[in-house]
Amino acid sequence: MMEGILKVVKDKDPNEKEFHQAVGEVVESIGPVLDRNPEYRKSKILERLVEPDRVILFRVPWMDDRGEIHVNRGFRVQMNNAIGPYKGGLRFHPSVNLGILKFLAFEQVFKNSLTTLPMGGGKGGSDFDPKGKSDSEVMRFCQSFMCELFRYIGPDMDVPAGDIGVGAREIGYLFGMYKKLTNEFNGVLTGKNLKWGGSLVRPEATGYGSVYFASEMLATRNKTLDSKICLVSGSGNVAQFTVEKLLDFNARVVTLSDSSGYIFDEEGIDREKLAFIKRLKNVKRGRIKEYADQYPNAIYTPVDPALDHNPLWNHKADCAFPSATQNEINEKDARNLVQNGVEMVCEGANMPTVPKGVDLFLGSHILYGPGKAANAGGVSVSGLEMTQNSMRISWTREEVDQRLKMIMHSIHRTCLDAAAAYGVPGNYVRGANIAGFVKVVEAMMDQGLV
Ligand code: NDP
């Protein structure tokens with residue numbers, strides 16, 4: 001029956017391979033839950049979960065600085081709002097398509113359920129590429145995108161945030177146009193600037209949360225992050241704040257990357273080097289290669305499409321924090337990590353490991369924290385931003401950070417408890433899927449066939 005669902009999903013939309021992958025992983029985990037609760041099968045819960053509540057697809061026309069017109073595609077996938085308004089980021093990247101956004105929205109449903117906060121799941125974005133565009137081009141694009149999206153979002157309906165290619169700058173432009181069109185100032189977007197409704201610690205939250213989760217995982221084996229050598233991929237929002245928090249825990253980070261290549265710095269990326277990266281990526285919008293120009297001891301390796309693996313994952317290290325994008329760790333990368341003696345893989349990115357890589361991690365009994373649980377800190381603090389907006393108050397940095405820590409602790413505990421209850425102790429993948437699933441499904445059962 002479970003395979004049946006996956007087959008139906010594949011037959012309906014044969015090109016959405018990332019979505020098939022995400023559904024396949026959840027379906028594999030929740031068999032025992034369905035066996036214990038036959039009413040879920042009768043209510044066709046799985047069939048309902050894999051079909052988005054709705055998908056909005058629209059044209060985004062915009063004009064570049066030379067007066068040339070471009071047309072991109074905009075999307076919003078509203079996946080499930082059984083436990084709260086749709087919530088999930090917007091991604092601007094040329095690779096964006098419906099299958100990728102459906103996978104992200106599907107994952108988001110379970111992730112948001114784990115956070116303990118009342119948020120449903122959604123995701124959106126565009127195949128627009130912000131790289132190399134001027135601020136005014138990005139602004140015009142964001143304005144055009146919002147001219148259509150504003151009809152479908154609202155603080156009690158659907159609350160988008162950032163993701164790849166959407167940071168503070170884009171959220172500002174999007175919010176400006178939403179406000180103009182609706183004449184309302186409300187909490188419709190999270191990741192806003194602090195000066196006009198944002199939350200302290202939101203930019204840091206995904207990276208910090210991932211490191212808190214890693215530290216919880218290590219604690220189950222009476223270990224800490226102190227002096228651990230860590231591989232981090234990406235150099236955007238999640239990667240930067242993962243490095244920052246790892247430094248607080250006295251770990252040594254030796255890699256960072258972007259889509260062109262990666263740097264290896266054996267001495268470790270310290271606070272001064274991290275400040276350089278933040279300027280390089282967030283202000284100059286430069287490439288990671290420039291790190292090796294600035295710090296000649298570091299080695300830059302460009303991406304080699306002919307290689308069957310990513311050499312970043314072939315350095316000897318204790319911990320790995322994939323924080324760039326989906327499927328960035330292939331089977332060979334996973335094998336390299338395990339063979340080099342990695343103790344823990346903690347996913348800052350969404351679904352960064354291919355299914356065979358996940359099997360390898362689980363089979364080798366390393367600590368493996370799937371993105372759904374490990375990177376939930378970002379959406380958690382987005383949830384806290386929504387609360388602060390509704391209450392018209394701002395919590396201090398310490399208050400938000402403390403809540404983030406508590407939420408990551410609770411997610412970690414919930415995963416372990418669910419895994420143990422279903423006979424797979426220590427399996428965070430099963431634990432996250434089962435716990436996330438049960439809460440959403442109970443709400444769906446209570447709310448009837450809608
Ligand atoms: P950013 O846009 O800030 O950074 C993304 C980084 O990953 C950049 O260094 C980018 O390099 C690299 N990257 C993107 N696509 C690819 C690719 N196809 N191949 C290689 N490298 C790539 O995004 P975030 O840091 O916000 O997001 C990173 C990951 O974390 C994503 O999987 C996202 O879904 C996930 N995530 C983010 C959250 C958040 O709060 N921001 C919350 C939870 C999960 P380049 O500059 O060359 O494109």
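Since the structure is predicted, the reported quantities are computational estimates derived from the model, not experimental observations.

### Some remarks on the domain arrangement of the protein
You'll often see interface size given as the accessible area lost when the parts meet.
Then step 1. Taken domain by domain, the protein comprises domain 1 (53-185) and domain 2 (205-374).
Then step 2. Look at where the C-alpha atoms of domain 1 and domain 2 centre, and you get two points 27 Å apart.
Then step 3. Taken together, the contact pairs 13 residues of domain 1 with 11 residues of domain 2.
Then step 4. A buried area of about 1000 Å², summed over both sides, lies between domain 1 and domain 2, and 50% of it is on carbon and sulfur atoms.
Then step 5. Its largest share of buried area at the contact with domain 2, domain 1 owes to Phe-103, Glu-107 and Lys-111, together 44% of the area lost on that side.
Then step 6. Our count for the contact surface shared by domain 1 and domain 2 stands at one salt bridge.
Then step 7. For the pair domain 1 and domain 2, the number of links is three residue pairs in polar contact (both at pLDDT 80 or more).
Then step 8. With seven residues, the single largest contributor to the side of domain 1 that touches domain 2 is helix H5 (residues 98-114).
Then step 9. Per-class residue counts for the side of domain 1 that touches domain 2 are six nonpolar, no polar and seven charged.

### Details of the site of the ligand
Then step 1. Close to the ligand lie 25 residues; Asp-163, Thr-206, Ser-259, Arg-287 and Asn-350 are nearest.
Then step 2. Note that an oxygen atom of the ligand is positioned 3.0 Å from one of the side-chain N or O atoms of Arg-202.
Then step 3. At 2.8 Å from an oxygen atom of the ligand is found a side-chain nitrogen or oxygen belonging to Asn-350.
Then step 4. Burial of the ligand by the surrounding chains reaches 83%, relative to a free accessible area of 880 Å².
Then step 5. Sorting the residues of the shell around the ligand by element identifies helix H8 (202-219), helix H9 (237-248) and strand S7 (252-258) as the ones contributing at least two each.
Then step 6. Per-class residue counts for the shell around the ligand are four nonpolar, 14 polar and seven charged.

### Concerning the nonpolar core
Then step 1. If you look at the biggest cluster of nonpolar residues, it comprises 97 residues, and the most contacted ones within it are Phe-321 and Phe-437.
Then step 2. Each of domain 1 (53-185) and domain 2 (205-374) accounts for three or more of the residues forming this core.
Then step 3. Discounting chain neighbours no more than four positions away, the residues touching Phe-437 are Ile-30, Val-33, Leu-34, Tyr-40, Ile-45, Leu-46, Leu-49 and Phe-110.
Then step 4. Listed in part, the 23 residues of the second largest apolar core include Trp-62, Met-146, Leu-149 and Val-166.

Calculation rules
Residues numbered from 1 in each chain as written. Predicted model: local features only at pLDDT ≥ 70, side-chain atom pairs only at ≥ 80, totals over all residues. Heavy atoms only, no water. Domains from an automatic or database assignment. Contact = heavy atoms within 4.5 Å. Buried area = accessible area lost by both parts, 1.4 Å probe. Salt bridge = Lys/Arg side-chain N within 4 Å of Asp/Glu carboxyl O. Polar contact = N/O pair within 3.5 Å; in protein donor to acceptor, adjacent residues only side chain to side chain. Helix = DSSP H or I, 4+ residues; strand = E, 2+ residues; numbered from the N terminus. Nonpolar A, V, L, I, M, F, W, Y, C, P; charged D, E, K, R; others polar. Near = heavy atom within 4 Å. Areas by Shrake-Rupley, 256 points an atom, 1.4 Å probe, with all protein chains shown as cover. Core = buried A, V, L, I, M, F, W, Y, C linked by side-chain atoms within 4.5 Å. Buried < 20%, exposed > 50% of the residue type's maximum accessible area, 1.4 Å probe, protein only.

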